[in-house]
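So you can see what is in the structure, the chains are spelled out below.
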Amino acid sequence: MIHIGSRTGTMTPMGQHDHDHDGQDVPSDLALRVKALESLLVEKGLVDPAALDALIDTYEHKVGPRNGARVVARAWVDRDYKQRLLADATNAIAELGYGGRQGEHMVVVENTPQVHNLIVCTLCSCYPWTVLGLPPVWYKSAPYRSRAVIDPRGVLREFGLDLPQDVEVRVWDSTAELRYLVLPERPAGTGQMTEDQLAQLVNRDAMVGVAKVGVPA
Amino acid sequence: MNGVHDMGGMHGMGPIEYERNKPVFHATWEGRVFALNVAMGAWRRWNIDASRHGIERIPPADYLRMSYYEKWFTRLLLLLRESGLVTAAEIQSGLADSGGPKTTPPLTVDRVADTLGKGGPTSRDVPVKPLFEVGQPVRARNLNPAGHTRLPRYVRGKRGAIDRDHGVYVFPDTNAHFLGEKPQHVYSVRFPARELWGESASPRDAVYLDLWDDYLEPA
């Protein structure tokens, strides 16, 4: 028998010990409590454990930043698609087969030589799951959430991006149900590349706005 | 609520800890917590706003100390108890109360792809007039509700301009407390960085927030 809630009776879980003295991993208190909760919910018929497996598999293997990279590459090679994407991102992204949870209402913002866009959620962890998957730890962390709005240029420098003063930085704080994706600048020297090759260049960080897409070697 | 979750503009949180090539879930239990939250949400005993408010109600010291999915676990226990889906005794013992009916989950494995694909749109196709128009100068109201709100502290009382009208959406301040959807327009509002942070900020930069009619007044 395990107490699923914290043993102190508050909302505070107990401290965890992830390693014993031999350095061997042992299940943390939290891992045991999660397991106990799942067992309880299955026993009550409240969840289907196979559905849990499918949910995890979806975000580990199927939905991730490769989706967003395909959207970006299409916009780079197809001027009409780019116009549709900037005017009505939700439907333009759906053209490539991506949509649904935490991508119901999409907005795409375009980086140019004059404008650099940066995405954040200061209040929680809002992020465009359908095109980028689940957010990385740093995006959800207090340092990023607190500083992205007050010191975006400092944050970008921390990511290795030092923007000239004459570039306008636009920070998009995801306070409602609109989910944002940055359309990065297409790097110079990629004129001969195919859409598939271009998609390979695009990474998550560039679509959040903390990096630029690098010029291929 | 003026909670520690409302972090925009705070100092002292330290450097950003970037991780390269990390898995989506750092441990098995994180994935299970994520999936349990999604699967239990399918019971529709709460909504996305109530769910966010569940995390905001974690005491501030715990909020800052806990990892992301630890907060999701804590929030799930809270919502399960408050909704009555699970009793305090069951959380205490880990065993189902005897005599409770065995139910059928709303999210079965065959429905996962379709459910995720549909998502949960919060726009509402109802005729609600916008109170503001694109280009109009506005001020974010100085509201300090004790309950859920999506109006961050750093923008309250500040002047901006309507950049675009996104259409009509559910209003989180009422929806989180099951007081109705109160659908109204949401706008992207542009606030110059200097309006928010003073003269040390760049004269070029701006922060855009998505704000509901009820958060705004003419300026």
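Draft legend 1. Focus on the overall build of chain A. For chain A, the helix and strand inventory stands at eleven helices and four strands. Looking at chain A as a whole, 48% of its 217 residues qualify as buried. The contacts of chain A with a sequence gap of at least 6 include a subset with a gap of at least 24, amounting to 68%.

Draft legend 2. Examining the overall build of chain B more closely. What chain B contains, in helices and strands, is eight helices and five strands. Mapped from its N terminus to its C terminus, chain B presents α and β elements in the order α-α-α-α-α-α-β-β-α-β-α-β-β. Overall, chain B is about 60 × 45 × 35 Å in size when its C-alpha atoms are taken along their principal axes. Per-residue burial over chain B gives 38% buried out of 219 residues. Long-range pairs, those at least 24 residues apart, make up 65% of the contacts in chain B between residues at least 6 apart in sequence.

Draft legend 3. Here's a closer look at the domain arrangement of chain B. All names here are of chain B. For chain B, the assigned domains read domain 1 (28-118) and domain 2 (137-218). A separation of 29 Å is found between the C-alpha centroids of domain 1 and domain 2. The partner domain 2 presents five residues to the six residues of domain 1 that form the contact. Tallied by class, residues from the side of domain 1 that touches domain 2 come to one nonpolar, two polar and three charged.

Draft legend 4. Focus on the pairing of strand β1 (residues 106-110) of chain A. All names here are of chain A. For β1, the buried fraction is high: four of the five residues fall into the buried class. For β1 and strand β4 (residues 179-183), the ladder comprises five bridges, and the chain directions are parallel. For M106, the partnering residue across the bridge sits in β4 and is R179.

Draft legend 5. How the structure looks around the nonpolar core. Counting 81 residues, the largest nonpolar core has V72, V171 and V202 of chain A together with V207 and L211 of chain B as its most contacted members. Setting aside chain neighbours within four positions, we find V202 of chain A in contact with A69, V72, A73, P184, M207 and V213 of chain A. L46 of chain A together with V38, M40 and Y69 of chain B belong to the second-largest nonpolar core, a separate cluster that totals 34 residues.

Draft legend 6. Just the sheet that holds strand β2 (residues 115-120) of chain A, in detail. Strand order in the open sheet formed by seven strands is β2(A)-β3(A)-β4(B)-β3(B)-β2(B)-β1(B)-β5(B), and the pairing between neighbours is mixed. Each edge of the open sheet carries a strand with a single partner, namely β2 of chain A together with β5 (216-218) of chain B. Sheet twist, expressed as the mean angle between neighbouring strand axes with direction ignored, is 35 degrees. Two elements, strand β2 (residues 159-169) of chain B and strand β3 (residues 184-192) of chain B, share seven bridges in a ladder whose sense is antiparallel. In the sheet register, G167 of chain B faces β3 of chain B, and the bridge partner there is V186 of chain B.

Draft legend 7. Spotlight on unusual backbone geometry. A positive phi is found at Q102 of chain A, a non-glycine position, where the angle reads about 55 degrees. Among the secondary structure elements, Q102 of chain A is positioned in the loop between α5 (89-95) and β1. Look at K182 of chain B: it is not a glycine, yet its phi comes out positive at around 40 degrees. Along the chain, K182 of chain B turns up in the loop between α7 (172-175) and β3.

Draft legend 8. Representation of the environment of A176 of chain A. Along the chain, the position of A176 of chain A falls in the loop between β3 (168-173) and β4. A count of 23 C-beta atoms within 10 Å places A176 of chain A in the buried class. When neighbours within four sequence positions are excluded, A176 of chain A is seen to be in contact with R150, Y169, V186 and D210 of chain B.

Draft legend 9. Geometry of the pairing of β3 of chain B. Sheet topology places β3 of chain B next to strand β4 (residues 206-212) of chain B; seven bridges connect them, and they run antiparallel. Within the sheet, the bridge partner assigned to P192 of chain B lies in β4 of chain B and is A206 of chain B.

Draft legend 10. Molecular detail of the interface of chain B and chain A. Taken together, the contact between chain B and chain A spans 78 residues of the former and 69 residues of the latter. Residue assignment for the side of chain B that touches chain A shows that the elements contributing at least two residues are α1 (28-41), α2 (48-56), α3 (60-65), α4 (68-83), α5 (88-93), α6 (112-118), β2 and β4 of chain B. The greatest single-element share of the side of chain B that touches chain A, amounting to nine residues, is contributed by α1 of chain B. Counted by class, the side of chain B that touches chain A contains 43 nonpolar, 20 polar and 15 charged residues. Note: β3 of chain A against β4 of chain B, four bridges, orientation parallel. When the bridges of β4 of chain B are listed, D173 of chain A appears paired with L209 of chain B.

Draft legend 11. Representation of the domain arrangement of chain A in the model. In terms of domains, chain A is made up of domain 1 (29-61) and domain 2 (64-208). Put simply, the middle of domain 1 of chain A and the middle of domain 2 of chain A, counted by C-alpha atoms, are 31 Å apart.

Draft legend 12. Inspection of helix α2 (residues 49-62) of chain A at higher detail. Compared with an ideal rise of 1.5 Å per residue, which puts 14 residues at 20 Å, α2 of chain A spans 19 Å between its outermost C-alpha atoms and is within 8% of the ideal. Among all positions in α2 of chain A, only A51, L52, A54, L55, T58 and Y59 of chain A are buried. Buried residues in α2 of chain A, looked at end-on, bunch into an arc of 165 degrees, giving them a common side. Looking at the buried positions of α2 of chain A, the neighbouring elements they touch are α1 and α6 of chain B.

Draft legend 13. Structural view of the packing of α1 of chain B against α4 of chain B. Residues and elements named next belong to chain B. At a closest axis distance of 9 Å, the pairing of α1 and α4 adopts a crossing angle of 35 degrees. Crossing of α1 against α4: the hand is left-handed. Between α1, through E30, V33, F34, L36, N37 and M40, and α4, the contact on the second element is made entirely by Y69, W72, F73, L76 and L80. A per-class count over the contact of α1 with α4 returns nine nonpolar, one polar and one charged.

Basis of the calculations
Residues numbered from 1 in each chain as written. Chains lettered and ligands numbered in written order. Predicted model: local features only at pLDDT ≥ 70, side-chain atom pairs only at ≥ 80, totals over all residues. Helix = DSSP H or I, 4+ residues; strand = E, 2+ residues; numbered from the N terminus. Buried ≥ 20, exposed ≤ 12 C-beta atoms within 10 Å, placed from the backbone. Contact = placed C-beta atoms within 7 Å. Domains from an automatic or database assignment. Nonpolar A, V, L, I, M, F, W, Y, C, P; charged D, E, K, R; others polar. Pairing = 2+ DSSP bridges. Core = buried A, V, L, I, M, F, W, Y, C linked by C-beta atoms within 7 Å. Axes fitted to C-alpha atoms, helices over the stretch in contact; angles between N-to-C directions. Expected span 1.5 Å × (residues − 1). Arc of directions from axis to C-beta. Left-handed = near helix turned anticlockwise from the far one by under 90°.

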